[in-house]
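# Observations on chain architecture
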There are 2 protein chains.
Amino acid sequence: MRYCPQCGHAVNMTTPPGDNRVRAVCPSCDFIDYDNPRVITGTIPLYKGKLLLCRRNIEPRLGFWTLPAGFMENQETTSEGALRETLEESGSVAICKQAFSMISIPHINQIHLFYIAELERDDFHATEESSEVALFDLKDIPWDELAFSSVTKTLTLFIEDHKNGTYGFHEDTIHLNNAYDLNQ
Amino acid sequence: MRYCPQCGHAVNMTTPPGDNRVRAVCPSCDFIDYDNPRVITGTIPLYKGKLLLCRRNIEPRLGFWTLPAGFMENQETTSEGALRETLEESGSVAICKQAFSMISIPHINQIHLFYIAELERDDFHATEESSEVALFDLKDIPWDELAFSSVTKTLTLFIEDHKNGTYGFHEDTIHLNNAYDLNQ
């Protein structure tokens with residue numbers, strides 16, 4: 001940030017009084033820019049025991065397979081965002097069953113959150129964001145063609161829980177050099 | 001947002017190509033402002049079965065009791081943020097045991113996340129943000145003097161789980177007229 005979004009004046013990078021972090025501060029109108037982590041929310045969409053994946057039609061990771069997910073928007077809940085992204089990326093209507101994974105990725109200021117979800121019908125299709133949408137047997141997940149490390153981690157945990165017959169809530173962290181950025 | 005934070009030009013409120021939401025867009029440098037929900041992260045701090053609460057020394061809800069919590073910052077994980085806030089607000093060093101509650105509050109674009117945590121020592125004190133910090137027996141929680149509905153909801157769930165002897169992960173939503181805004 002170089003200019004104040006409220007008044008257009010050039011900002012200073014400084015630690016505001018009572019704070020302990022450097023922020024962009026406007027010397028004209030006292031606006032302070034708080035830049036905080038963003039939440040990516042998505043689903044592990046299941047239909048009759050099969051897993052829905054989307055082949056990315058956009059960068060980054062064009063052509064790789066992913067779980068439907070994207071930036072949570074204002075005025076929605078985490079699960080509403082997950083279902084919106086599932087519809088936008090795969091054309092499918094799903095229902096969230098439970099929160100499954102929450103992965104902090106601090107070097108890109110993101111949290112990735114995935115829900116176990118069930119499709120109401122086997123009704124899905126390619127979209128602007130997905131060149132292909134398909135159901136996979138759990139034994140046929142294309143591990144070498146997954147788009148993001150948070151997806152690989154989430155599906156690895158999901159398969160472990162599936163084998164154990166019970167699904168928990170999992171928290172994890174992905175550090176630098178072990179992640180791809182899901183740009184907006 | 002009225003001015004572009006990148007170039008200082010006045011922005012337009014419009015739906016960018018390929019998007020379906022109105023955003024602030026700069027006609028000069030094509031900057032798009034994505035304003036997303038923020039995460040408040042905090043703890044349910046326990047010491048020998050007692051609960052640590054902080055009496056707020058700042059607005060909003062000055063004088064009311066709260067769990068230590070605050071806005072997650074860039075470059076940290078959700079649990080690191082929870083422990084940082086616990087230290088800042090109560091002077092205590094804690095360890096996160098498990099994620100306990102995740103509460104979406106869509107009308108204020110926030111997610112409140114609380115961890116069950118344990119204090120390493122009974123070492124805590126008033127801080128700039130807390131006029132008083134104290135341990136409470138679980139039967140003596142000051143329910144009528146709690147600062148925020150997400151705190152009341154989280155502690156209600158915690159007491160239920162405590163009675164059952166097992167602690168789960170709980171997701172919930174707080175809607176308009178049922179919440180107080182935790183301003184930054």
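Residues numbered from 1 in each chain as written. Chains lettered and ligands numbered in written order. Predicted model: local features only at pLDDT ≥ 70, side-chain atom pairs only at ≥ 80, totals over all residues. Heavy atoms only, no water.

If you look chain A up in an unreviewed UniProt entry, it shows as NUDIX hydrolase from Marinomonas algarum. As its UniProt record puts it under Cofactor (unreviewed entry), chain A is described as follows: "Mg(2+)". (UniProt positions renumbered as here; feature names shortened; annotations may be inferred.)

Attention now moves to the environment of Glu145(B). All names here are of chain B. Along the chain, Glu145 turns up in the loop between strand 10 (130–136) and helix 2 (149–164). Accessibility expressed as a relative area gives 37% for Glu145, which makes it partly exposed. C-alpha of Glu145 to C-alpha of Ala126: the two residues are 19 residues apart in sequence and 18 Å apart in space. Once you skip the residues sitting within four places of it in the chain, Glu145 turns out to touch Arg55, Phe64 and Trp65. (Helix = DSSP H or I, 4+ residues; strand = E, 2+ residues; numbered from the N terminus. Buried < 20%, exposed > 50% of the residue type's maximum accessible area, 1.4 Å probe, protein only. Contact = heavy atoms within 4.5 Å.)

Residue and element names in this part refer to chain B. Read from one edge to the other, the open sheet built from 3 strands follows the order 1-2-3, with strand pairing classed as antiparallel. Unpaired on one side and paired on the other, strand 1 (12–14) and strand 3 (32–33) mark the two borders of the sheet. Examined bridge by bridge, strand 1 and strand 2 (residues 23–25) share 3 bridges and lie antiparallel to one another. Looking across to strand 2, one finds that Met13 is bridged to Ala24. (Pairing = 2+ DSSP bridges.)

Before going further, it helps to spend a moment on the UniProt feature "domain: Nudix hydrolase" (unreviewed entry) in chain A. The UniProt entry lists residues 36–159 of chain A under the feature "domain: Nudix hydrolase" (unreviewed entry), expressed in the numbering used here. Annotated as residues 36–159 of chain A, this span is 19% helix and 41% strand, and its ends, taken at the C-alpha atoms, are 32 Å apart.

A word on the relation of the copies chain B and chain A. Between chain B and chain A, which share one sequence, the superposing operator has a rotation angle of 180° and an axial displacement of 0.0 Å; the RMSD is 0.0 Å. Taken together, the rotation and translation describe the operation of a two-fold axis. Mapped onto chain A, 100% of the interface residues of chain B again fall at the interface, so both copies present the same surface. (Least-squares fit on C-alpha atoms with pLDDT ≥ 70 in both.)

Taken domain by domain, chain A holds domain 1 (1–35) and domain 2 (38–178). Computed over C-alpha atoms only, the centres of domain 1 of chain A and domain 2 of chain A are separated by 36 Å. (Domains from an automatic or database assignment.)

Residue and element names in this part refer to chain A. Taken together, the 10 bridges between strand 8 (residues 94–105) and strand 9 (residues 110–119) define a ladder with antiparallel strand orientation. Paired with Ala94 across the bridge in strand 9 is Leu119. Where strand 8 folds back on strand 9, the antiparallel hairpin that results is connected by 4 residues, among which Asn109 adopts a positive phi of roughly 55°. Pairing between strand 8 and strand 11 (residues 170–173): 4 bridges, direction parallel. If you follow Ser101 over to strand 11, its bridge partner there is His170.

Turning our eyes to something else, we now look at helix 1 (residues 78–90) of chain B. Residue and element names in this part refer to chain B. Spanning 13 residues, helix 1 covers 18 Å between terminal C-alpha atoms, matching the ideal 18 Å at 1.5 Å per step. All of the buried residues in helix 1 are Thr78, Gly81, Ala82, Arg84, Glu85, Thr86, Glu89 and Ser90. Of the residues flanking the end of helix 1, it is Gly91, one or two places downstream, whose phi is positive at about 70°. (Expected span 1.5 Å × (residues − 1).)

Turning to the sheet that holds strand 1 (residues 12–14) of chain A, a few remarks are in order. Strand order across the open sheet formed by 3 strands is 1-2-3 (chain A), with antiparallel pairing between neighbours. Every other strand in the sheet has two partners, leaving strand 1 and strand 3 (32–33) of chain A as the edge strands with one partner each.

A cis amide bond links Glu59(A) with the next residue in sequence, Pro60(A), at an omega value of -5°. Within the secondary structure, Pro60(A) is located in the loop between strand 5 (50–56) and strand 6 (65–66). Positive phi, normally seen in glycine, also occurs at Asp30(B), with a value near 70°. As for its position among the elements, Asp30(B) is in the loop between strand 2 and strand 3.

Another aspect to go through is the packing of aromatic side chains. All names here are of chain A. What the rule picks out here adds up to 7 aromatic pairs over all chains. Summarising the aromatic geometry, the rings of Phe158 and Tyr167 are spaced 5.3 Å apart at their centres and angled 20° between planes, so their arrangement reads as stacked. On the accessibility criterion, Phe158 (1% relative accessible area) is buried. Assessed through its relative accessible area of 30%, Tyr167 is described here as partly exposed. In this structure an aromatic cluster arises from ring pairing among Phe100, Phe158 and Tyr167. The cationic tip of Arg61 hangs over the ring face of Phe64; the distance from NZ or CZ to the ring centre is 3.8 Å. (Phe/Tyr/Trp six-rings, centres within 6.5 Å; stacked < 30°, edge-to-face > 60°. Lys NZ or Arg CZ within 6 Å of the ring centre and 35° of its normal.)

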